[in-house]
Amino acid sequence: GQSRLYGAGLGLYANVDIPEATVLCYYTGEVLSLMKVIRARNTDYVMGLALNVHVDAKDSPDVLARYINDHGDPRCINAKFIKEPKLRRAAVVSTKRIPAGYEIYASYGEGYWRKRGGIPPPNMATKALLWCALAAIGCTAVSLIHTKTFHRTMKK
């Protein structure tokens, strides 16, 4: 559904309560070499996994991890990317309990924002900061509309 972050586009939401340390989904896409990344016009969906291993989810709308936004406020980050270069993907893992209906946020890292002129814009997070605060105090009485939802526990 629509992200709570101003100007962010779509976001990924939990459709059930998610415990800490749960694998939610994977960031995958077209595998690119460093040279292809350097030549690319749009790298908004490119994640570097290793020096010469990158994945681009730009043309992969079914990759749910591409809808995860970086909140900009570390207190609101509730997931992280764990890079698995040999598997050509990054696992998205919850870093705390995520109540059903809450947006999933993960840090994109300094490199992503440095390339775009700094840190996530502070005004981008104002709309979502209230929801972050509600999640922090465990408020689950908020009814939210969400369309793109996903939850999967790790299968070994």
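Residues numbered from 1 in each chain as written. Predicted model: local features only at pLDDT ≥ 70, side-chain atom pairs only at ≥ 80, totals over all residues. Heavy atoms only, no water.

Peer 1: Help me understand the pattern of salt bridges, please; the structure alone is not making it clear to me.
Peer 2: Side chains that differ in sign of charge can pair as their charged atoms come close. Throughout the structure, instances matching the rule amount to four salt bridges. Of the charged contacts, one joins Asp73 and Arg75 as a salt bridge, the two residues approaching to 2.5 Å between their closest N and O atoms. Using a relative accessible area of 11% as the deciding quantity, one classes Asp73 as buried. In this structure Arg75 comes out as exposed when scored by relative accessible area, which is 60%. (Salt bridge = Lys/Arg side-chain N within 4 Å of Asp/Glu carboxyl O. Buried < 20%, exposed > 50% of the residue type's maximum accessible area, 1.4 Å probe, protein only.)

Peer 1: Can you walk me through the packing of aromatic side chains in this structure?
Peer 2: Given two aromatic rings, one states the distance between the centres and the angle between the planes to describe the pair. Considering all chains together, one arrives at two aromatic pairs under this definition. For the ring pair Tyr27 and Phe81, a centre distance of 6.1 Å and an interplane angle of 90° mean the geometry is edge-to-face. In this pair, Tyr27 is assigned in strand S1 (residues 23-27) and Phe81 in strand S5 (residues 79-84), connecting sequence segments 54 residues apart. With relative accessibility at 19%, the residue Phe81 sits in the buried group. An angle of 75° between the planes, with centres 4.7 Å apart, marks the rings of Tyr108 and Tyr112 as edge-to-face. Its relative accessible area of 27% is what places Tyr108 among the partly exposed residues. We note Arg66 situated over the ring of Tyr45; from NZ or CZ to the ring centre the distance is 4.3 Å. (Phe/Tyr/Trp six-rings, centres within 6.5 Å; stacked < 30°, edge-to-face > 60°. Helix = DSSP H or I, 4+ residues; strand = E, 2+ residues; numbered from the N terminus. Lys NZ or Arg CZ within 6 Å of the ring centre and 35° of its normal.)

Peer 1: When you look at the sheet that holds strand S2 (residues 30-32) in this model, what are you seeing that I'm missing?
Peer 2: Strand-to-strand pairing in sheets goes through backbone hydrogen bonds, with the strands running parallel or antiparallel. Read across the open sheet, the three strands follow the order S2-S4-S3; overall the sheet is antiparallel. Across the chains shown, the open sheet's two edge strands, defined by having one partner strand only, are S2 and strand S3 (46-50). Pairs of neighbouring strands in the sheet enclose a mean axial angle of 30°, with direction left out of account. Alignment of S2 against strand S4 (residues 53-56), held across three bridges, turns out to be antiparallel. Within S4, the residue paired with Glu30 across the bridge is Asp56. (Pairing = 2+ DSSP bridges. Axes fitted to C-alpha atoms, helices over the stretch in contact; angles between N-to-C directions.)

Peer 1: Help me understand the layout of surface pockets, please; the structure alone is not making it clear to me.
Peer 2: If a probe the size of a water molecule is rolled over the atoms, the empty space left behind becomes visible. Looking at the largest pocket, its volume works out to about 710 Å³. Surrounding the largest pocket, 30 residues form its lining, Asp44, Tyr45, Val46, Tyr108 and Tyr112 being those nearest its centre. Ranked by residue count, the leading element in the lining of the largest pocket is helix H2 (residues 110-115), at five residues. (1 Å grid on protein atoms, 1.4 Å probe; cavity = no way out; pocket = protein on both sides within 12 Å on 5 of 7 lines; lining within 4 Å. Points joined across faces, edges and corners; volume = space filled by probe spheres on them.)

Peer 1: Looking at this structure, I do not really get the nonpolar core. What am I missing?
Peer 2: Across soluble globular proteins, you tend to see nonpolar side chains buried next to one another. Grouped together as the largest cluster of nonpolar side chains are 24 residues, with contacts concentrated most on Leu24, Tyr27, Ile68, Phe81 and Val92. Breaking this core down by element, the ones donating at least two residues are S1, S3, S4, S5 and strand S6 (89-94). If you tally residues by element for this core, the top one is S1, at three residues. The contacts of Ile68, once residues within four sequence positions are left out, are Leu12, Phe81, Val92, Ile104, Tyr105, Ala106 and Tyr108. (Core = buried A, V, L, I, M, F, W, Y, C linked by side-chain atoms within 4.5 Å. Contact = heavy atoms within 4.5 Å.)

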